[in-house]
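Structural description and commentary
Next come the chains, spelled out residue by residue.
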Amino acid sequence: MGFFRLITFAIALIVSTMDGSVGETPPIYDDDLQIDDDTNEKSVEAVDHFLVCPPRDVARGEGRFVVAIKGNNTFCEGSIIDRNWVLTSARCLSSLVDSNFQVIAGVRSLVRPFEQHTSQIREITNHNYVNIHEGYTHDNPNSEESDKEQNIDPHNIGLIYVKSPFDYDSAVQPIPLPLKECLDDGRGKMYGWQLHKSLKLQTLDLQIIDSDKCKVPWGDDSDIDSHHICTQITGPCTSGPRSDEMMMEGPMDENSNTTLYYIDPTCGGNDGSAAVLVTPKVGEVLVGILNYADIDCGESTRPIVYTSTFAYMDWIEKEIKKFSEKSKATAKKRRPLT
């Protein structure tokens, strides 16, 4: 998916802004950096008679598990699930194979993260610390062999081992993984970095829907299955004005006569962006990692597709255990004889 490959001018700025960046890329941000003043303007605008529900900047204490991953002219995201582990997409990591990169935690803005006292930045220089699911393949939707309207990458999930563990504090915290499958729809949120204007971490309230309901708008030939969950925004839009005047009635989904759907202008965020389910007891639970959005997502209300973390719980636990055992065996071999 071209729009997921964030090798754009905006990403080039991000990749080069951070002190101590990978390789020889010099920092280019200075006091003359111009940020669009309209970025945080809360408004609901209509696109082809559908409403657009804008995201908002995260508040203090929100999204503390979200990390930025940058290197090799690539920017993507991940989620802290343990002091030493970050969960992200295989597509993200496939762009970083055989290269050094950074994992940046504890910030809500990507402007000079090294100068922010809450930041925790980890350099990943050992390629053995990157784990891409063995079943992952990337389908090119523009290839001659691709005749589908939708191309979802299978097994789009991966892990990063962080040798120097994260310190949990007011700015950095892990997010729990689901203990059971999300069978019903639920209230959720997405998190993603706003790369084209403010460079701030943003969030958007939405609905988590299961794979069966998600598959309907995509058609029978969709690759959506139990390995996926989806997100969709239904009224009211909680990040924009909540006045009756803004509740304009646009075209309805063909399977519903009552639900008002909104366009998600974030298109799900960036590679590795998180979808969370908001639960009454645990709070936010990481249920999805961005996989696919409609090529016209900025004008479409079709659900955005995420890799289901619950579907890969066994794989996550197995890979972490395998890495731990291998590390212990290696350390034992290196231990000097007494």
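Residues numbered from 1 in each chain as written. Predicted model: local features only at pLDDT ≥ 70, side-chain atom pairs only at ≥ 80, totals over all residues. Heavy atoms only, no water.

Per an unreviewed UniProt entry, the recorded name for the protein chain is Peptidase S1 domain-containing protein, and the organism is Glossina palpalis gambiensis.

The next subject is the overall build of the protein chain. When you go through the protein chain residue by residue, the secondary structure sums to 4 helices and 17 strands. A burial count over the protein chain gives 50% of its 338 residues as buried. A separation of at least 24 residues holds for 71% of the contacts in the protein chain among residues at least 6 apart in sequence. For the protein chain, the accessible area works out to roughly 16900 Å², and carbon and sulfur atoms hold 48% of it. (Helix = DSSP H or I, 4+ residues; strand = E, 2+ residues; numbered from the N terminus. Buried < 20%, exposed > 50% of the residue type's maximum accessible area, 1.4 Å probe, protein only. Contact = heavy atoms within 4.5 Å. Areas by Shrake-Rupley, 256 points an atom, 1.4 Å probe, with all protein chains shown as cover.)

Where burial is concerned, most of strand 7 (residues 101-105) is hidden: 5 out of the 5 residues are buried. Neither face of strand 7 is open: one carries F101, V103 and A105, the other Q102 and I104, and all of them are buried. Here 3 bridges tie strand 4 (residues 66-71) to strand 7, and the two strands are oriented antiparallel to one another. Note that in strand 7 the partner of A68 across the bridge is I104. Alignment of strand 7 against strand 8 (residues 120-124), held across 5 bridges, turns out to be antiparallel. When the bridges of strand 8 are listed, A105 appears paired with Q120. (Pairing = 2+ DSSP bridges.)

Let us now look at unusual backbone geometry. The phi dihedral of R112 falls on the positive side, at around 50°, and the residue is not glycine. Take R112: it is sitting in the loop between strand 7 and strand 8. Positive phi, close to 60°, is recorded for L199, a residue that is not glycine. Take L199: its relative accessible area is 4%, and that puts it in the buried class.

In this section: the side chain of S211. By the element assignment, S211 lies in helix 3 (residues 211-218). Within the local environment of S211, its side chain forms a polar contact with the backbone oxygen of D225, the two atoms lying 3.4 Å apart. S211 has contacts with I224, D225, S226 and H228, leaving out every residue within four places of it along the chain. (Polar contact = N/O pair within 3.5 Å; in protein donor to acceptor, adjacent residues only side chain to side chain.)

Here we come to helix 3. Within helix 3, the full set of buried residues consists of S211, C214 and W218. All buried residues of helix 3 project into a common sector of 65° when viewed along the axis, lining one side. Summarising the contacts, the buried residues of helix 3 are in contact with strand 12 (201-209), strand 13 (228-234), strand 16 (283-292) and strand 17 (304-308). Of the residues trailing helix 3, G219 is marked for its positive phi of about 100°. (Arc of directions from axis to C-beta.)

To continue, consider the packing of aromatic side chains. Enumeration over the complete set of coordinates arrives at 7 aromatic pairs. Between W85 and F323, the ring centres sit 5.3 Å apart and the planes meet at 85°, which makes this aromatic pair edge-to-face. Of this pair, W85 sits in strand 6 (residues 85-88) while F323 sits in helix 4 (residues 313-334), placing them 238 residues apart in sequence. Here the aromatic rings of Y129 and F323 are separated by 5.9 Å at their centres, their planes lie at 70°, and the arrangement is edge-to-face. Within this pair, whereas Y129 is found in the loop between strand 8 and strand 9 (130-132), its partner F323 is found in helix 4, the two being separated by 194 residues in sequence. (Phe/Tyr/Trp six-rings, centres within 6.5 Å; stacked < 30°, edge-to-face > 60°.)

Okay, the pattern of salt bridges next. Pairing of side chains with opposite charge becomes possible as their charged atoms draw close. Here the structure, examined in full by the defined rule, presents 10 salt bridges. Between D153 and R91 there is a salt bridge, with the nearest N and O atoms lying 2.7 Å from each other. Of the two residues, D153 sits in the loop between strand 9 and strand 10 (158-161) while R91 sits in helix 2 (residues 90-94), which places them 62 residues apart along the sequence. In this structure, D153 and R91 share a single accessibility class: buried. (Salt bridge = Lys/Arg side-chain N within 4 Å of Asp/Glu carboxyl O.)

The 7 strands are arranged 8-7-4-5-6-10-9 in an open sheet whose pairing can be described as antiparallel. Looking along the sheet, the strands with just one partner apiece sit at the ends: strand 8 and strand 9. Put simply, the sheet's adjacent strands are angled 30° from each other on average, direction ignored. (Axes fitted to C-alpha atoms, helices over the stretch in contact; angles between N-to-C directions.)

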